[in-house]
Every structure is written in structure tokens, then in C-alpha cells.
Amino acid sequence: MTIETGQRLPEATFTEKDADGIHEVGLTAKLAGRKVAIFAVPGAFTPTCDSAHLPSFIRNLDALKAKGVDEVICVSVNDPHVMRAWAEASGADGITMLADAECAFTEAIGMRFDAPPVGLIARSVRYSMLVEDGVVTQLNLEAERGVCNLTAAEALLDQL
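Residues numbered from 1 in each chain as written. Predicted model: local features only at pLDDT ≥ 70, side-chain atom pairs only at ≥ 80, totals over all residues. Heavy atoms only, no water.

What follows is about helix 3 (residues 80–90). For helix 3, every residue scored as buried is listed here: Pro 80, Met 83, Trp 86 and Ala 87. On an axial view of helix 3, the arc spanned by its buried residues comes to 125°, and they lie on one face. For helix 3, the exposed residues set more than 90 degrees away from the buried face come down to Glu 88 and Ala 89. Those residues of helix 3 that are buried lie in contact with strand 1 (13–18), strand 2 (21–26), strand 3 (35–41), helix 2 (47–66), strand 4 (71–76) and strand 5 (95–99). For helix 3, the side-chain oxygen to backbone nitrogen distance between the N-cap and His 81 is 2.8 Å, and the N-cap itself is Asp 79. (Buried < 20%, exposed > 50% of the residue type's maximum accessible area, 1.4 Å probe, protein only. Helix = DSSP H or I, 4+ residues; strand = E, 2+ residues; numbered from the N terminus. Arc of directions from axis to C-beta. Contact = heavy atoms within 4.5 Å. Polar contact = N/O pair within 3.5 Å; in protein donor to acceptor, adjacent residues only side chain to side chain.)

By size, the foremost hydrophobic cluster in this structure holds 23 residues, and its most contacted members are Phe 39, Phe 57, Val 72, Cys 74, Trp 86, Ile 95 and Met 97. Of all elements in the fold, only strand 3, helix 2, strand 4, helix 3, strand 5 and helix 5 (153–159) reach the threshold of two or more residues within this core. For this core, the element with the most residues is helix 2, which contributes 5 residues. Excluding anything up to four places from it in sequence, Trp 86 contacts Val 41, Ala 44, Phe 45, Cys 49, Asp 50, Leu 54, Cys 74 and Met 97. (Core = buried A, V, L, I, M, F, W, Y, C linked by side-chain atoms within 4.5 Å.)

Attention now moves to the pattern of salt bridges. Once the charged atoms of two side chains with opposite charge are near each other, the side chains can pair. Applying the stated criterion across every chain, the model contains 5 salt bridges. Across the pair Lys 30 and Glu 71 runs a salt bridge, and its minimum N-O distance is 3.0 Å. On the criterion of sequence distance, the pair formed by Lys 30 in helix 1 (residues 27–31) and Glu 71 in strand 4 is long-range, its members being 41 residues apart. A relative accessible area of 19% means that Lys 30 is categorised as buried. (Salt bridge = Lys/Arg side-chain N within 4 Å of Asp/Glu carboxyl O.)

For the rest of this paragraph, the subject is the pairing of strand 6 (residues 112–115). The two faces of the sheet receive side chains in turn, since in a regular strand these alternate between them. Burial along strand 6 is one-sided: Phe 113 and Ala 115 are buried, and none of Arg 112 and Asp 114, which face the opposite way, are. Bridge count between strand 6 and strand 7 (residues 120–124): 3 bridges; the pairing is antiparallel. Each bridged residue has a counterpart across the sheet, and for Ala 115 the counterpart in strand 7 is Leu 120. Adjacent in sequence and paired antiparallel, strand 6 and strand 7 are bridged by 4 residues, among which Gly 119 carries a positive phi angle near 80°. (Pairing = 2+ DSSP bridges.)

Encoded structure:
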């Protein structure tokens, strides 16, 4: 079942790498009492994710925060080392890069897909969502792969 607007996100544990090492991040605690923008990509460093999706949130980070967003989180089914390297390479300062390495969260919210011909197994579909105190208030999914229109930061900004 795919998560829908009005539903509470399930508890999940992600990993995040920072200057102090790798840490577990509990989703429920991170979202409690806060307005958070979450977007997911099929893979760090993959073409559309790297050239369009992440850059849209980098460009619009200040505008999202000006509209009351407390934090912007990028989720990918990658390991925390790759997520940290991608953040550093792309200049994603201020965006929290969370690794869903086991695909557990992605599967729990019904967003997993596989594309063996291009080497993507157990990945996330591209989405963006606004979450308030753990409840999804806006949810955007791309109808086709390889594009980033409905899920770009600009679309989420228009919904705020």
C-alpha cells in the first residue's frame, strides 16, 4: 500500500554520516512537532537525481524555510557513505541526507521499485512530501521515470 495524504509515516530508522561518524536517526522523533519536507530519489549520483531533483532543493532551501519548513530531508536507498559523498559533491549544505540502506522505510510506505535493465534494484520512486508532526499533508509522485517536475522543490513551494 502506498502512503497517502493524511496518513502518519511509520517509524523507521535511517543512517546518517557526519563529521563524527555514522549515526542512527529515528524518524518519529525527528518529525515530532515539526514541519518537514522529505524528498526521495532513486539513487545518489544518478542522472535526474543529481542534475535536477537534489539541485531544486538546494536552490530553494531558504525559500522553504521562509515558508515554515523546519528541515529538508533527502532519502535514498543508498548507504550513508554514498549519501555523505553526494552531499559534499553537490553542495547540499543544510539538507539532511538519510540512507535507507535496507529499503525498509521505502517498502513500508509503498515506494519501492526495481529497474534491472539500468542496475537499480530495491530503489525508491521519486517523490516529495510535506510532513507535519509525522502526518503527510502533501504528497507528490512523478508519473514517469527520469523526470523531475511534480516532485521538485518548486512544486512543493507552490503547495505551501
